[in-house]
Amino acid sequence: MQTNLSYILLFCSIFFIEIGFSQDITSKKKTVVKAVKKDTIAIQKKDSVFKTKKDSLALKKTDTVSIDSVKPKETIEDIIVHVAKDYTIQNARNKTVTLYNEANITYTDIDLKAGIIIVDYKKNTLFAKGIVDSTGYVQRPIFKQGNQESEQDSIIYNFKSKRALIYGLKTKQGEMFTYGEKTKRVNDSTIYVRKIRFTTSEKENPDYYIATNKAKLVPGKKIIVGSSNLVLADVPTPIFLPFAYFPLSETSVSGFLIPAFDTGSTDRGIGFQNGGYYFAISDYIDLTVLGDAWSNGSWGMRISSNYKKRYRFNGNFSFNFENIINGIRGFDDFSKANNFNVRWTHNQDAKASPNSRFTASVNLGSSRFFRESLNQFNVSQTQTNTFNSSINYSKTFVGTPFNMNLTATHQQNTNTGSITMTLPSLTVNMNRIFPFAGKGGVQKTPIQKMGFNYTLQGQYLINTTDEEFLTSKMFETARAGMKHNTGTSTNIKAFKYFTLSPNVNYEEVWQFDYIQKKYDATQNVVVTDTLRGFKSYREYNAGVSLSTNIYGTFNFKKGRLKAIRHTFRPSISYSYRPDFKDKHLRQVQQSADATDILNYTIFDQGIYGSPSSGVSNSIGITLNNVLEAKVAPKDPDSDAEDEKITILNNLNFTSSYNIAADSLRWSPVSFSAGTRLFKDKLAINLSGSLDPYQVNSNGVRINKFNPNIFRLTNASLTANYSISSSDFKKDKNGDKKQNNRDPNNVQDVIGADINPTDQFGQRNNNSNEDRNKEAKLYKADIPWSINLAYSTNYANNGVDPGRIGIHSIVFNGNIELSPKWKMGYSSGYDIKDGGFTFSRFNFTRDLDSWQFNFNWVPFGTNSSYTFFIGVKSSVLADLKWDKNKPPDRRLF
């Protein structure tokens, strides 16, 4: 508001100068001299606006500056255009210019519109107001500059005193609308407003507003108001503030964050959550510090920061810590735990460096953090079983075939507490090169097609537990090593329809630690010592493969189905690898019996394992199948092309036969199949393994075939289906609308994350279209969506009867009961054990400028609810009321 007002006053000054300068210079001098002798703003006494002598618009009589002694300063930068629909009157005697009906004055990017505009350069004033017609008071003065706009009932401005009176002001700054009955500008830094209202409602009659009798504005700095009252639907509420302070800035401003109070936990007593302070450090980075506290001594804190450098990078960082106390100190049931969680996300803009990139996605901490967390923000994370982190730097060396990738990774199982980290993992890769290619890179002969590649891998691997994490013990069992791989291959066209691809590969492993075993006769155990030092081994192998594509088409003369095409891709390969383990074998006595010998190698616990054992002289077989159909359009007279439908995405079988093995030469047959049906809405995937050999009573494979040829050892089936009401609607062309949801997308299957507290009352999946929805009283659509995910697996060890491990269905979706009412749900059912999985429901009501949200977890260990109602806009985000019942936590 203060910005618009300043622009209005500056514009009025410039317009007055333009009008004044357009008059005769001699006349202008006389007018100004007369103004020295007599107050130029004095008018007839019967004018009630200027009746009192204390009018702040009046000029001081001591002002004796003459236009003869001071030359006017040229401030006009562009042409001023003024027009009016009915008439424009320039009164040379009274020194006035009057614009009537749709009066409009434009100057550079400034635009002033009003019903009537009167410029009196004799009295140094500008007056703008609306006009009254049969519809009421219309054409109120509207001032625009750039994206700023203000509306008022009328405005009076004095050019010499620089003071102004504005009646019925309405303006918008950011998301805030400001209404004032009377505005008085004293100087550039002080503006007073009477009977002012603040609101973020865009309605002509606001849903709510904060009303105060008087306010002081310091443009660009602050607004200070007196006693304020919250008014809802023009009904005053008993909510008052003795005073209020609103900082004004186009940038972020630091300030306190109002907490939500928790009175629903009997174990922890009363407390508050998510209270703290927001630090607006700069335009590039901020910092939020939040805290929780309860009367039993439990507390928590969260530090988060967002940063962004345009065209360079952006990211966010958060650190959560909770001190959880259960029970009373001194009693048996007393327990205490300290849990933490760290998250960091960093993304580099693609424009920052085209040849290098740095990214980070970190999520690590205590395995029980989310399950024991006291804060409602973390309820949805209780189902997380793993934490994964990755920090990656990649670089391409321009002009060379080399590129580098440096990665630090972290995997943490929250069920077992085991942690695996690579600090770091280095990969140097050489893209495939063709040193024997012809001029211009021509590759026609097998020699010219011969390509070479090279890969270097290095790792520093740490395996630890949740208890030893971030202690010196985690490095005691760390392992390090490097591996070099290189190879060459080419392809030859054979028998016209076949492709023959020979290949040779070489591998060298460097390890910087190794083991030694010795027998401890006193303890009757084998002791393993890990020693530091450089050790290495090498391997190589050679092979050749033969592949082709076979197509079969089945044509149909009747019906819409025109043809079915079967694509069959068989491949047979041969590979040979010598036994590299035998020469590295060592022996150690493992019991009191001297003949009880244990064979091992010094590389057995190495990061890349020990050398390959036994001679591999194997033949591999791979069969791949694809089924596709061609369907004619429904209307035979249309010009539409035939539709291509995939019936079977893949049906693959893979196995191998080891010629060098003395038994169990056939490996299990692996199979996989997948298809997408109903216009890609249903995705089905099947995989498993078939073993041709029997097992003994201990479940060990023996060299004896099954009587039924194959034994199903394991199988898994998943099916994902996504459907919504929009699938049954037709667009303007009469075609059904297509839904863009992917049934294989986990986010669409198990449901998006719901913010339980929802401080701003907005769901992550809200679109801009929702803001313009209008409620209908009848014939209203009820949009809905549902996503289903079914999964099951089967395992058979050959001894015990086969059993089903997982057999469940997960579902989620949304129902839009009205354009303003929405309900979301996410749940599942365990068919095997007969029970519902983690379930949650979300109810939202769009109250235009307000938002209502209710989240509910009805049962289970995470049973809880949160209630929220508050203003949508972030400007008044603290104008809210929320209530929650957190889940009861128990330490294990």
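Everything in this summary refers to the structure shown in the same document.

Reading the values: rules and limits
Residues numbered from 1 in each chain as written. Predicted model: local features only at pLDDT ≥ 70, side-chain atom pairs only at ≥ 80, totals over all residues. Heavy atoms only, no water. Helix = DSSP H or I, 4+ residues; strand = E, 2+ residues; numbered from the N terminus. Buried < 20%, exposed > 50% of the residue type's maximum accessible area, 1.4 Å probe, protein only. Contact = heavy atoms within 4.5 Å. Areas by Shrake-Rupley, 256 points an atom, 1.4 Å probe, with all protein chains shown as cover. Core = buried A, V, L, I, M, F, W, Y, C linked by side-chain atoms within 4.5 Å. Patch = residues over 30% accessible without salt bridge, like charges linked within 9 Å, V, L, I, M, F, W, Y side chains within 5 Å. Salt bridge = Lys/Arg side-chain N within 4 Å of Asp/Glu carboxyl O. Lys, Arg positive; Asp, Glu negative; His and termini not counted. Charge placed at Lys NZ, Arg CZ, Asp CG, Glu CD. Polar contact = N/O pair within 3.5 Å; in protein donor to acceptor, adjacent residues only side chain to side chain.

**Brief notes about the overall build of the chain**
Here comes step 1: In terms of helices and strands, the chain carries four helices and 53 strands.
Here comes step 2: Within the chain, the fraction of its 892 residues that count as buried is 36%.
Here comes step 3: Once local pairs closer than 6 in sequence are excluded, the contacts in the chain between residues at least 24 apart make up 51%.
Here comes step 4: Counting only carbon and sulfur atoms, one obtains 55% of the accessible surface of the chain, whose full area is about 50900 Å².

**Quick word on the nonpolar core**
Here comes step 1: Of all hydrophobic cores here, the largest spans 20 residues; its most connected members are Leu-99, Ile-105, Ile-117, Leu-126 and Ala-128.
Here comes step 2: Counting only elements with at least two residues in this core, the list comes to β3 (96-107), β4 (110-120), β5 (125-129), β10 (154-158) and β11 (164-173).

**Concerning a positive patch on the surface**
Here comes step 1: A surface patch of positive charge is lined by Lys-182, Lys-184, Arg-194 and Lys-214.
Here comes step 2: Along the chain, Arg-194 turns up in strand β13 (residues 190-199).

**Topic: a nonpolar patch on the surface**
Here comes step 1: Judged by side-chain polarity, Phe-279, Ile-281, Tyr-284 and Ile-285 come together as a nonpolar surface patch covering roughly 370 Å² of accessible area.
Here comes step 2: Along the chain, Ile-285 falls in the loop between β21 (271-279) and β22 (287-294).
Here comes step 3: Note on Ile-285: relative accessible area 32%, which makes it partly exposed.

**A short note on the environment of Asn-392**
Here comes step 1: Positionally, Asn-392 belongs in strand β27 (residues 386-396).
Here comes step 2: For Asn-392 and Arg-357, which are 35 residues apart along the polypeptide, the C-alpha to C-alpha distance reads 8.0 Å.
Here comes step 3: If we ignore the near neighbours within four places in the chain, the residues touching Asn-392 are Arg-357, Phe-358, Thr-359, Asn-405, Leu-406 and Thr-407.
Here comes step 4: A distance of 2.5 Å separates polar atoms of two side chains, one belonging to Asn-392 and the other to Asn-405.

**A look at the environment of Gln-448**
Here comes step 1: Its place among the elements puts Gln-448 in the loop between β29 (418-433) and β30 (451-465).
Here comes step 2: For Gln-448 and Phe-436, which are twelve residues apart along the polypeptide, the C-alpha to C-alpha distance reads 4.8 Å.
Here comes step 3: Ignoring anything within four residues of it in the chain, the contact list for Gln-448 reads Phe-434, Phe-436, Ala-437, Gly-438, Val-442 and Gln-443.

**Digging into the side chain of Thr-548**
Here comes step 1: Summarising the element assignment, Thr-548 is placed in the loop between β34 (525-547) and β35 (550-555).
Here comes step 2: Overall, Thr-548 belongs to the buried group, its relative accessible area being 11%.
Here comes step 3: Engagement of the side chain of Thr-548 in a polar contact is seen with the backbone oxygen of Tyr-497, the distance being 2.6 Å.
Here comes step 4: The residues contacting Thr-548, other than those within four sequence positions of it, are Tyr-497, Phe-498, Phe-568, Arg-569 and Pro-570.

**Examining the pattern of salt bridges**
Here comes step 1: Overall, the coordinates contain 17 salt bridges when judged by the stated rule.
Here comes step 2: Of the charged contacts in the structure, one is a salt bridge between Arg-676 and Asp-680, with a shortest N-O distance of 3.6 Å.
Here comes step 3: On the basis of relative accessibility, which here comes to 24%, the residue Arg-676 falls in the partly exposed class.
Here comes step 4: With a closest N to O distance of 3.0 Å, Arg-701 and Asp-691 form a salt bridge. Of this pair, Arg-701 sits in strand β44 (residues 701-705) while Asp-691 is found in strand β42 (residues 682-691), placing the two residues ten residues apart along the sequence.
Here comes step 5: Looking at Arg-701, the relative accessible area reads 28%, which means it is partly exposed.
Here comes step 6: Through salt bridges that share partners, Lys-203, Asp-207, Lys-820, Asp-846, Asp-848 and Lys-872 make up one connected network.

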